[in-house]
Amino acid sequence: FMADKGNFRHFMAKEIHEQPEVVGRTLAHYVNFSAGRVELPFALPFDFKDLKRISISACGTAYLAGLISKYWFERLARIPVEIDVASEFRYREAPLEPGSLALFVSQSGETADTLASLRYASAEKQHTLSVVNVPTSTMARESNVIAQTLAGVEVGVASTKAFTCQLTVLLTLAIAAGRARGTLSAEAEKELVDALIGVPGLLSEAMKREHQIEILSRELSKAQDVLYLGRGTSYPLALEGALKLKEISYIHAEGYAAGELKHGPIALIDETMPVIVIAPHDHIFEKTVSNMQEVAARGGRIVLITDEKGALETGLDTMATIVMPSAHPIIAPILHAVPIQLLAYHTAVFMGKDVDQPRNLAKSVTVE
Ligand code: G6P
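The structure reproduced in this document is the subject of the present report. (Residues numbered from 1 in each chain as written. Predicted model: local features only at pLDDT ≥ 70, side-chain atom pairs only at ≥ 80, totals over all residues.)

What follows covers the overall build of the protein chain. For the protein chain, the helix and strand inventory stands at 14 helices and 12 strands. Radius of gyration (C-alpha) of the protein chain: 20 Å, near the 21 Å computed for a compact globule of 368 residues. In terms of principal-axis extent, the alpha carbons of the protein chain reach across some 55 × 45 × 40 Å. Of all 368 residues assigned to the protein chain, the portion counted as buried reaches 54%. Once local pairs closer than 6 in sequence are excluded, the contacts in the protein chain between residues at least 24 apart make up 74%. (Helix = DSSP H or I, 4+ residues; strand = E, 2+ residues; numbered from the N terminus. Rg over C-alpha atoms; globule rule 2.2 N^0.38 Å. Buried ≥ 20, exposed ≤ 12 C-beta atoms within 10 Å, placed from the backbone. Contact = placed C-beta atoms within 7 Å.)

What follows is the structure, encoded as C-alpha cells:
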C-alpha cells in the first residue's frame, strides 16, 4: 500500500500529528454537531437499557482504550463493565449471561487473542460489538456491529492515532448508552458533546507542547526506570505512557494507579527514577497531589502533566510541568494522550532507536 511520511522523520510523528484531523473525522461520524447529540452510524441489535453488563477484551494499547471506557460506561451509563486482556479472557471461561454485550477494541481487527475472544463471546450468545480501524478485517466480518474508527492507515508499530480515535468512539458509545438508560439528561449530553466537539482544536493546542517535551526527553533518556502514575481515567493513561516508553525507547517503565504507590512502588523512589504524574484538575486531583507530595518527600523527581488549573494549584517543585489546555474532565484522557506519546517518541528518537519498527514487536499479532 502507499503511505508516506510527508514532512515527518517517522510515521509515528506523522500519526501523532494527524490526531486533530482523524479524531475530528471520527467524531463527525458519530456526532450530530448541530443537534448537540450523539448519533451512532449503525443500528444496535440490542437496547443499552436491557444490559446488565458489558465485557470488554482487547490487547495492548487497544486494551487500555477499553480500560478508559470502563470509567465512562460506569459513570455516564451506570453499566457494570468487566474488562480483561484478550489472552486471559479467551481461556478463563468467563460466565456470560446470554444477551449481554461483549465489546472488542482492535486497530487491525486481526489480533489472534482478540479474535478468539470474539468467537468465544459469539458462542456464548453475546451481542458482539467491535471498535475496529480496518473495516475489512476478520473481526469486523465476524461481529454483530462494527464501530469504525476513521484513523486511516496506521504504520507505526506503537499505536497513537488509532488509540485516540478508539477513545472518541468509545466515549460516544458511553454517551449513547447513558441516554438510552436515562442516566444522562439531554443537557448533560449536550455538555459532553460540546466538549467532544472541542477535542480536535484542543489536540492541536496540545501539540504546541512538543518543543518543551523534546527538551525534557533528553533528561528522560538518561533514566533506567520510569514510573507513571495516575488516578481514574489517568490510570490507564499511566499504563499507556509506560507501555509506549518501553516499547520504543527500551527504558524500563511501569504504570501504576497513584493510590497504589504506598503498596509497592514507593520503595523504588529516589532521585534517579523520574516519576511522571498525569493529573488533570478533576474530582480526584487532590488525591493525586498528595501522592506527588509523597514522591517529592523522598527525593523523587516529578514530571507533572496537568492542565492550567492543576498547574496553579499544586505548588510543588517539579522537574517539569507540562500544561495542557483546560478541558471538560471527561475528555481529558483523549487530550492527555498527546504528551505521553510525544515524550516516548522524542526520548526514543534522542536515543537513536528505530521508533517505527521497534525490536521484537509486530504491528499486528496474528499468531498466538
Ligand atoms: C500490537 C501493537 C500495538 C497494539 C496491539 C493490539 O502489540 O504493537 O500497538 O495496540 O498489538 O493490536 P490491535 O490491532 O488489536 O489494536
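Another point: the site of the ligand. Lining the immediate environment of the ligand, one finds 16 residues, of which Gly-60, Thr-61, Ser-106, Ser-108 and Thr-111 sit closest. It is helix α3 (residues 60-77) that contributes the most residues to the shell around the ligand, 3 residues altogether. Of the residues in the shell around the ligand, the class split is 6 nonpolar, 9 polar and 1 charged. (Near = placed C-beta within 6 Å. Nonpolar A, V, L, I, M, F, W, Y, C, P; charged D, E, K, R; others polar.)

Look at helix α2 (residues 19-30): 16 Å from first C-alpha to last across 12 residues, which is about the 16 Å you get at 1.5 Å a residue. When we look at burial in α2, the residues that qualify are Gln-19, Pro-20, Val-22, Val-23, Thr-26, Leu-27 and Tyr-30. (Expected span 1.5 Å × (residues − 1).)

In spatial order, the strands read β4-β3-β5-β6-β7; together these 5 strands make up an open sheet with parallel pairing. Here the strands that pair on one side only, and so sit at the sheet edges, are β4 (81-85) and β7 (145-148). Each adjacent strand pair in this sheet contributes to an overall mean axis angle of 20°, direction not counted. Direction of pairing for strand β3 (residues 54-58) relative to β4: parallel, over a ladder of 5 bridges. By the bridge assignment, Ser-57 is partnered in β4 with Asp-84. Strands in contact with α3 are β3, β4 and β5 (101-106); relative to β4, the strand with the most contacts, it is inclined by about 170°. (Pairing = 2+ DSSP bridges. Axes fitted to C-alpha atoms, helices over the stretch in contact; angles between N-to-C directions.)

With that settled, consider the sheet that holds strand β10 (residues 275-278). Ordered by their spatial adjacency, 5 strands build an open sheet running β9-β8-β10-β11-β12, and the pairing between neighbours is parallel. Only two strands of the sheet have a single neighbouring strand rather than two, namely β9 (252-257) and β12 (320-324). Neighbour to neighbour, the strand axes of the sheet diverge by 15° on average, direction disregarded. Where strand β8 (residues 225-230) lies against β9, 6 bridges are found, and the strand directions are parallel. Its bridge partner lying in β9, Val-226 is registered against Ala-253.

Geometric descriptors of this kind do not, in isolation, establish any biological role.
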